[in-house]
Amino acid sequence: STLRDRLQELTETRDVSRHPMLLEELKRRLPNSIKCLSASSTHLRYNCVMYALGIHNSAEYVRMAMQCPEEVHASPSFLRFLIDKQETIITSTPSTGDMGVYLQGDAVKHVGRVLVGGRIQSKWGIGHLYDHSIEEAPASYGSAVRFYNPIDPATALEQFVRFAASHGVELR
């Protein structure tokens, strides 16, 4: 089976504390260049979109998200909203700080930040933050990657208010 399928299984392992060890075991069978960047699982209460937009430590985002129903959060559909509103522009030559957006068809599945050398730094599911090549991502994250210019956190928060409103939630 492929590396991407095995990575998918890793992200589906509920005990997040086991993920780094499972990755090391996987490296022995399927060599890869993935590095786990989060040492503990204590500060992982954010997702890939929050991380890529730089709002994963934002008290303001948390305050707004707490006012929303569960389905209205900084999700792949929020990132699709930003793309559709042209808050971020596609680029053919990715550079450090850009967003690598993983897609299945037109559906946004995952996002990470582009690092020096074209690698990606991204948060996988409920698990850890990883440094990986573009191809070294779980299978469910889609078969295509497009690159977009970054969005500053303040703009992301402003747009989250509009995204919530588009779902009938008025934030204060």
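Residues numbered from 1 in each chain as written. Predicted model: local features only at pLDDT ≥ 70, side-chain atom pairs only at ≥ 80, totals over all residues. Heavy atoms only, no water.

Overview of the pairing of strand β4 (residues 107-114)
Part 1: In this structure, strand β3 (residues 99-104) lies alongside β4, joined through six bridges in antiparallel fashion. Within β4, the position partnered with Leu 103 by the bridge is Val 108.
Part 2: Connecting β4 to the antiparallel partner strand β5 (residues 120-123) that follows it, the hairpin turn spans five residues, and Gly 117 within it adopts a positive phi of roughly 85°. (Pairing = 2+ DSSP bridges. Helix = DSSP H or I, 4+ residues; strand = E, 2+ residues; numbered from the N terminus.)

Points about the sheet that holds strand β1 (residues 35-36)
Part 1: The strand order across the open sheet built from seven strands is β1-β6-β5-β4-β3-β7-β2, with neighbouring strands paired in antiparallel fashion. Because the sheet does not close on itself, it has two edges, and the strands there are β1 and β2 (90-91).
Part 2: In terms of strand pairing, β5 meets strand β6 (residues 129-132) through four bridges, oriented antiparallel. Its bridge partner being in β6, Lys 123 is matched across the sheet by Leu 129.

Quick notes on the pattern of salt bridges
It is possible for side chains of opposite charge to pair when their charged atoms get near one another.
Part 1: Going through the model one piece at a time under the given rule, you end up with six salt bridges.
Part 2: Among the ionic pairs, Arg 63 bridges to Glu 60, the shortest N-O distance being 2.8 Å. Of the two residues, Arg 63 and Glu 60 are both situated in helix α4 (residues 59-65); the distance of three residues between them amounts to about one turn of the helix.
Part 3: Judged by its relative accessible area of 36%, Glu 60 falls in the partly exposed class.
Part 4: The shortest N-O distance in the salt bridge between Asp 131 and Arg 119 comes to 2.6 Å. Taken together, the residues Asp 131 in strand β6 and Arg 119 in the loop between β4 and β5 connect sequence positions 12 residues apart. (Salt bridge = Lys/Arg side-chain N within 4 Å of Asp/Glu carboxyl O. Buried < 20%, exposed > 50% of the residue type's maximum accessible area, 1.4 Å probe, protein only.)

Some remarks on helix α5 (residues 76-84)
Part 1: Taken together, the buried positions of α5 are occupied by Phe 78, Leu 79, Arg 80, Phe 81, Leu 82 and Ile 83.
Part 2: Turning to α5, the residues buried within the fold contact α3 (48-53), β3, β4, β7 (144-148) and α6 (153-166).
Part 3: Phi turns positive, to about 55°, at Gln 86, one or two residues after α5. (Contact = heavy atoms within 4.5 Å.)

Distances and angles like these do not, on their own, reveal function.
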